[in-house]
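Fold and geometry: a report
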Amino acid sequence: MDERLRKFAVLNNKGGVGKSTLAVHLAHGLALRGERVLLIDMDGQNDASLFLGFSSEDYDKSLYEILMGRGEVGLSDCILPARERLDLLPSARLDRVNAALYREPDVSRFLHEKFRGLEELGYDRVIVDCGPQRSRINDAVLYFVDGVIVPVQVEAAAVRAVGNIYEYLSDLGLDAGMVRMVVPNMYDQRTSEGKENLEFIREFFADADIVTEPIQRRVRITESGKLGKTVYEYDREASRQFEQIVERLARSNGKKK
Ligand SMILES: Nc1ncnc2c1ncn2[C@@H]1O[C@H](COP(=O)(O)OP(=O)(O)O)[C@@H](O)[C@H]1O
Ligand SMILES: [Mg+2]
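The numbers attached to residues start from 1 for each chain and follow its sequence in the written order. As a convention, the first chain written is A and the first ligand written is 1, with the rest following in written order. Where totals are concerned, whole chains, interfaces and linings use all residues; where local detail is concerned, this predicted model gives features only for residues with pLDDT of at least 70, and gives and counts side-chain atom pairs only at 80 or more.

Some words on the overall build of the protein
For the protein, the count of helices and strands is 12 helices and 7 strands. Taken over C-alpha atoms, the radius of gyration comes to 17 Å for the protein, in line with the 18 Å a tight globule of 257 residues would show. Across its three principal axes, the protein shows a C-alpha extent of roughly 55 × 40 × 30 Å. Looking at the protein alone, contacts between residues at least 24 apart form 78% of all its contacts between residues at least 6 apart. The numbering of helices and of strands both runs from the N terminus, where a helix is a DSSP run of H or I of at least 4 residues and a strand a run of E of at least 2. C-alpha atoms define the radius of gyration, and 2.2 Å times the number of residues to the power 0.38 defines the globule rule. What counts as a contact here is a pair of residues whose C-beta atoms, placed from the backbone, lie within 7 Å.

Right under this line is the structure:
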């Protein structure tokens with residue numbers, strides 16, 4: 001593997017916790033720092049693409065052709081330039097891909113094979129935005145990436161479920177050390193409940209030093225997504241929420257232990 005290529009999945013079993021938001025802002029944040037980044041949209045809702053301003057009318061070839069085809073369509077036929085140094089690999093009909101993968105006895109090499117040639121495209125970083133819940137696609141993604149970034153909504157039910165990712169990795173026979181960052185999201189520091197939940201997350205991961213500074217809840221973040229912009233293009237103050245996390249990721253080497 002090209003030593004420069006670092007592949008991360010943004011994953012959490014729950015929906016609505018900020019996976020797509022985080023994936024898009026990490027990808028754009030790294031690109032703004034000078035890295036060449038590929039964002040792969042691996043969720044059937046296509047939110048990561050929408051947050052960057054791309055709807056399904058903007059592309060006719062997608063991951064579907066790559067994952068279901070026999071090599072007729074190449075990676076570079078499907079990749080869209082999204083921002084300076086940031087490319088997007090959009091998806092379509094992922095439910096069908098997922099169903100097909102249930103018929104595969106072993107998906108551990110599936111994406112390595114389908115994404116053959118990715119190393120030659122010159123990216124410094126690959127960020128995969130995942131759908132919620134366990135799925136065959138997410139299994140395949142976890143076998144493919146070097147590390148996992150887990151956004152956790154700072155709310156009681158969500159923080160109690162933070163351990164699920166370890167169960168998931170263990171069921172796939174993967175190392176718990178793949179979890180590289182846990183990002184508390186939608187934090188409201190004005191409430192004592194918010195503070196307690198953040199504390200719970202920090203204590204849960206006390207040994208690992210992987211919990212980042214929290215991302216606060218900001219209406220500008222929601223708005224920018226709806227407009228197909230990142231906060232780097234929309235609201236400077238809100239973009240600061242991602243600064244430390246991008247910095248931390250930029251420093252990480254992402255290699256498997
Ligand atoms: N820190 C935040 N502040 C305000 N809104 C946020 C924040 N993080 C995410 N959102 C919004 O919450 C919703 C769910 O986020 P999303 O990234 O789509 O979650 P997921 O991918 O986990 O389903 C979106 O409308 C998004 O814009
Ligand atoms: Mg999402």
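Section: the sheet that holds strand β4 (residues 86-89)
Strand pairing is assigned whenever DSSP detects at least two bridges linking the two strands. Ordered in space as β3-β4-β2-β5-β1-β6-β7, the 7 strands form an open sheet in which the pairing is mixed. The open sheet has two edge strands with one neighbour each: β3 (80-83) and β7 (179-185). Averaged over all neighbouring strand pairs, the angle between strand axes comes to 25°, with direction disregarded. Pairing analysis gives 3 bridges linking β3 to β4, with the strands arranged antiparallel. Bridge assignment links Leu80 to a residue of β4, and that residue is Leu88. An axis is simply a line fitted to the C-alpha atoms; with a helix, the fit covers only the stretch in contact. Between two such axes, the angle follows the N-to-C directions and lies from 0 to 180 degrees.

Focus on the site of ligand 1
Lining the immediate surroundings of ligand 1 are 16 residues, of which Gly18, Lys19, Ser20, Thr21 and Gly225 lie closest. For the shell around ligand 1, the secondary structure elements donating two or more residues are α1 (19-32) and α11 (219-226). In this classification, the charged set is Asp, Glu, Lys and Arg, the nonpolar set is Ala, Val, Leu, Ile, Met, Phe, Trp, Tyr, Cys and Pro, and all remaining amino acids, among them Gly, are polar. By residue class, the composition of the shell around ligand 1 is 4 nonpolar, 8 polar and 4 charged. Near, for a residue, is defined by distance from a backbone-placed C-beta atom to a molecule or strand, with 6 Å as the limit that must not be exceeded.

Description of the nonpolar core
By definition, a nonpolar core groups buried Ala, Val, Leu, Ile, Met, Phe, Trp, Tyr and Cys residues that are joined through C-beta atoms within 7 Å. Residue burial is a threshold on neighbouring C-beta atoms within 10 Å of the residue's own C-beta, all placed from the backbone, with 20 or more meaning buried, 12 or fewer meaning exposed, and counts in between meaning partly exposed. Of all hydrophobic cores here, the largest spans 68 residues; its most connected members are Leu39, Val128 and Val141. Counting residues per element, this core draws most heavily on α1, which supplies 7 residues. In contact with Leu39, other than residues within four places in its own chain, are Ala23, Val24, Ala27, Ala48, Leu86, Leu88, Ile127 and Asp129.

Some points on the packing of α1 against helix α12 (residues 236-251)
Contact pair α1 / α12: the axes reach a minimum separation of 9 Å and the direction vectors enclose 70°. One finds that α1 runs roughly perpendicular with respect to α12. α1 and α12 meet at a crossing whose hand is right-handed. Residues His25, Leu26, Gly29 and Leu30 of α1 pack against Phe242, Ile245, Val246, Leu249 and Ala250 of α12. Roughly parallel refers to an angle under 35 degrees, roughly antiparallel to one over 145, roughly perpendicular to one between 65 and 115, and oblique to any angle outside these ranges. In this scheme, a crossing is called left-handed if the near helix is turned counterclockwise away from the far one by less than a right angle; it is called right-handed if the turn is clockwise.

Notes on α12
The end-to-end C-alpha separation of α12 is 22 Å, in line with the 22 Å expected for 16 residues at 1.5 Å each. Fitting one axis to the seven residues ending at a residue and another to the seven starting there, the bend at that residue is the angle between the two axes. The largest bend in α12 is about 40°, located at Phe242. For α12, the complete set of buried residues consists of Ala238, Ser239, Gln241, Phe242, Ile245, Val246 and Leu249. Contact partners of the buried residues in α12: α1, β7 and α11. Given a helix with a known number of residues, its expected span is that number minus one, times 1.5 Å.

Topic: helix α7 (residues 136-144)
Taking burial as the measure, the 9 residues of α7 include 7 buried ones, the bulk of the element. For α7, every residue scored as buried is listed here: Ile137, Asn138, Asp139, Ala140, Val141, Leu142 and Phe144. Residues of α7 that are buried sit in contact with β1 (6-10), β2 (37-42), α5 (94-101), α6 (110-114), β5 (125-130) and α9 (164-171).

Considering unusual backbone geometry
Of note, the phi angle at Asn46 is positive, near 60°, even though the residue is not glycine. As for its placement among the helices and strands, Asn46 is situated in the loop between β2 and α2 (47-51). Looking at Asn46, the number of C-beta atoms within 10 Å reads 19, which means it is partly exposed. A positive phi angle is found at Arg93, which is not glycine, with a value near 50°. Structurally, Arg93 is set in the loop between β4 and α5.

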